[in-house]
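Structural features, examined
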Amino acid sequence: MTLSIFDLFSVGIGPSSSHTVGPMRAAAYFVEGLLDGGRLDAVEAVRVDLYGSLAATGPGHGTPTAVLLGLEGLRPETVTPAKVDARRAAIAADGVIRLAGRLPIALTERDVVMHPLTVLPRHTNGVRFTAFGADGAVLAEETYYSVGGGFVEREGDEGAAARGGGGAAITAPFPFRTAAELLEHCRVRGVGFADVMLANEVALAGDGEGAAAEVTTRLLGIRDVMDECVATSLARSGVLPGGLQVRRRAPEWRERLRAADPNGAPEFWQEWVNLVALAVNEENASGGRVVTAPTNGAAGIVPAVLHYARTYLPENGPDDDEVCVRFLLAAAAVGVLYKEQASISGAEVGCQGEVGSASSMAAAGLAEVMGGTPEQVENAAEIAMEHNLGLTCDPIGGLVQIPCIERNAIAASKAINAAKMALWGDGSHHVSLDQVITTMRETGRDMSDKYKETALGGLAVNVVEC
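Here's a quick rundown of the structure.

Calculation rules
- Residues numbered from 1 in each chain as written.
- Predicted model: local features only at pLDDT ≥ 70, side-chain atom pairs only at ≥ 80, totals over all residues.
- Heavy atoms only, no water.
- Helix = DSSP H or I, 4+ residues; strand = E, 2+ residues; numbered from the N terminus.
- Rg over C-alpha atoms; globule rule 2.2 N^0.38 Å.
- Buried < 20%, exposed > 50% of the residue type's maximum accessible area, 1.4 Å probe, protein only.
- Lys, Arg positive; Asp, Glu negative; His and termini not counted.
- Charge placed at Lys NZ, Arg CZ, Asp CG, Glu CD.
- Pairing = 2+ DSSP bridges.
- Phe/Tyr/Trp six-rings, centres within 6.5 Å; stacked < 30°, edge-to-face > 60°.
- Contact = heavy atoms within 4.5 Å.
- 1 Å grid on protein atoms, 1.4 Å probe; cavity = no way out; pocket = protein on both sides within 12 Å on 5 of 7 lines; lining within 4 Å.
- Points joined across faces, edges and corners; volume = space filled by probe spheres on them.
- Nonpolar A, V, L, I, M, F, W, Y, C, P; charged D, E, K, R; others polar.
- Salt bridge = Lys/Arg side-chain N within 4 Å of Asp/Glu carboxyl O.
- Axes fitted to C-alpha atoms, helices over the stretch in contact; angles between N-to-C directions.
- Core = buried A, V, L, I, M, F, W, Y, C linked by side-chain atoms within 4.5 Å.

As a further point, take the overall build of the chain. When you go through the chain residue by residue, the secondary structure sums to 19 helices and nine strands. Over its C-alpha atoms the chain spans a radius of gyration of 21 Å, differing by no more than 12% from the 23 Å that the globule rule assigns to 466 residues. With respect to the principal axes defined by its C-alpha atoms, the chain has extents near 70 × 50 × 45 Å. Within the chain, the fraction of its 466 residues that count as buried is 57%. Across the chain, 37 positive and 58 negative side-chain charges occur, with their mean positions spaced 5 Å apart.

Put into structure tokens, the structure is as follows:
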């Protein structure tokens, strides 16, 4: 089984793929089940219980809002930030949600029950929905787990593919779950990471005439949403929501950079990469529309490194569309490896699973479009993750702001450096990507829960909120 690139790169809203996007999807799936079972009109009340990390940092990540809007049938792929704000205000004023968009049910954010110290056996990001009839009888009860990157698993579906934004997992013509298997496909076929990923995506799209063009069009749509996210962020000013009074820096930095670098000189590449990463993550922190890449908390890294590829590669290279498509395909191929072998959930393995995975993916994408061999691309991905191992997830106030925003900029530069280092070599190296992914998984398992998106340790407790 190989995941779709559109599961790894899906459009959603901030500030968190696992705490906002995933819970909204889970709620929508629950309502979908009520509709399919013909039980919706019999519902008189709904209870929502959040467990573990979803409860510990839920309000700061917008989780209560997300589940209420999901129960209304809204989806993160299509809902707009304006719609979120409007429905949240209406629910607060009326005390009522519209189940599946039509059935009035008394439920507000205050009614969501929090269990921050109770971790369900399967995953720390748990949410349970219970629907009751007129006599108080339970009509339906489902438990879901938000396992990172907006992927959702349902209790009782053990062994089934997690549900993301792009569709279910597929049986691919060139299946892989390890870097060794991916490299073997490349060796046998004489192609790169991007080509293997594209062949699998074409199969998912129907493998007929026009399937490759459809995949390309959708990928360029992902690129466009990334660009729109940056543009929207640069048009805003002021402070981010949540109470930390974190100032938006990207708009001011853009003006300063325009003055210092009016002609796009190569020596300013790092400043522009920093700017793109900051812009994306400031927009994410404000609940804006972003692309999970592979998560919201790490959403700025791939767009920032892609900006580098589009701006600073030699002028005689391939056109912009080709650069973007091959970059995203190669990055997604590496993202599949992390999702299959380890985790991209900060609540499960710390921020190494989010920022570390994104940095590794971006390094692979850049090495691919810079002409790297499959072995060099694998090496770039390995270098980037190797130097993100052990990264903790301890955001202050449970908000995806400090240290998350700056961390994206730092990791983007790491990805670029990793790609450049790999291309100076011949692809041979001592530590394989599979070994570093295994190490990341084991490090996450051994990491104290205080440092895995629970707001119980690290910066979350050592820095006073102000």
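There's more to say after this.
It is worth spelling out the pairing of strand β8 (residues 151–154) at this point. Both strand β7 (residues 138–148) and β8 contribute to a ladder of four bridges, which runs antiparallel. In the strand pairing of β8, Y145 is matched with E153.

Following the criterion strictly, the structure yields four aromatic pairs and no others. Both rings, one in W269 and one in Y308, keep their centres 5.3 Å apart while their planes meet at 75°; by these two values the pair is edge-to-face. In this pair, W269 sits in helix α11 (residues 269–285) while Y308 sits in helix α12 (residues 301–312), placing the two residues 39 residues apart along the sequence. Classification of Y308 by relative accessible area gives buried; the value is 8%. Look at Y308 and Y312: their rings are 5.4 Å apart centre to centre, the planes differ by 35°, and that puts the pair in the tilted class.

Turning next to the environment of K420. With respect to the helices and strands, K420 occurs in helix α17 (residues 404–424). Its relative accessible area of 28% is what places K420 among the partly exposed residues. Note: C-alpha distance between K420 and S359 (61 residues apart in sequence) is 13 Å. Setting aside its immediate chain neighbours within four residues, K420 contacts W269 and Y308.

What follows covers empty space enclosed by the protein. In total, this model carries two cavities of 30 Å³ or more according to the counting rule given. In this structure, the largest cavity spans a volume of roughly 120 Å³. Taken together, 14 residues form the lining of the largest cavity, with G297, E354, C393, V400 and C404 sitting closest to its centre. Along the lines of polarity and charge, the residues of the lining of the largest cavity split into seven nonpolar, three polar and four charged. Of the pockets and cavities examined, the second largest cavity occupies roughly 40 Å³. Around the second largest cavity sit V225, M226, C229, V280, V290, V291, A299 and P303, which together line it. Those elements giving two or more residues to the lining of the second largest cavity turn out to be α9 (211–234) and β9 (289–291). With three residues, the single largest contributor to the lining of the second largest cavity is α9. Residue classes in the lining of the second largest cavity are distributed as eight nonpolar, no polar and no charged.

Okay, the pattern of salt bridges next. Under the criterion given, the structure shown has 24 salt bridges. For E255, the salt bridge identified is with R254, shortest N-O distance 2.9 Å. Between D320 and R310 there is a salt bridge, and its shortest N-O distance comes to 2.8 Å. With D320 in helix α13 (residues 320–341) and R310 in helix α12, this pair connects stretches of sequence that are 10 residues apart. Given the relative accessible area of 31%, D320 is considered partly exposed.

Looking now at the sheet that holds strand β6 (residues 125–132). Taken in spatial order, the five strands make up an open sheet running β5-β2-β6-β7-β8, and their pairing is mixed. One side of each edge strand has no neighbouring strand; the edge strands of this open sheet are β5 (113–115) and β8. Averaged over all pairs of adjacent strands, the angle between their axes in this sheet comes to 25°, without regard to strand direction. Helix α5 (residues 63–71) contacts β2 (45–52), β5 and β6 of the sheet and is inclined by roughly 140° relative to β2.

The biggest cluster of nonpolar side chains holds 98 residues, and the ones touching the most others in it are F9 and F327. Broken down by element, the residue count for this core peaks at 14 residues, all from α13. Apart from the residues lying within four places of it in its own chain, the contact partners of F9 are I222, V291, T292, A293, V302, L328, A331, A332 and M361. Counting 36 residues, the second largest nonpolar core, distinct from the first, contains F30, V79, I91 and A131.

In this structure, G238 sits in the loop between α9 and α10 (250–260). Residue class for G238 comes out partly exposed when judged on its relative accessible area of 38%. A C-alpha to C-alpha distance of 25 Å links G238 and P64, two positions 174 residues apart in sequence. Ignoring any residue separated from it by four or fewer positions in sequence, one finds G238 in contact with V246, R247 and R248.

Remember, this is a structural readout, not a statement about activity or role.
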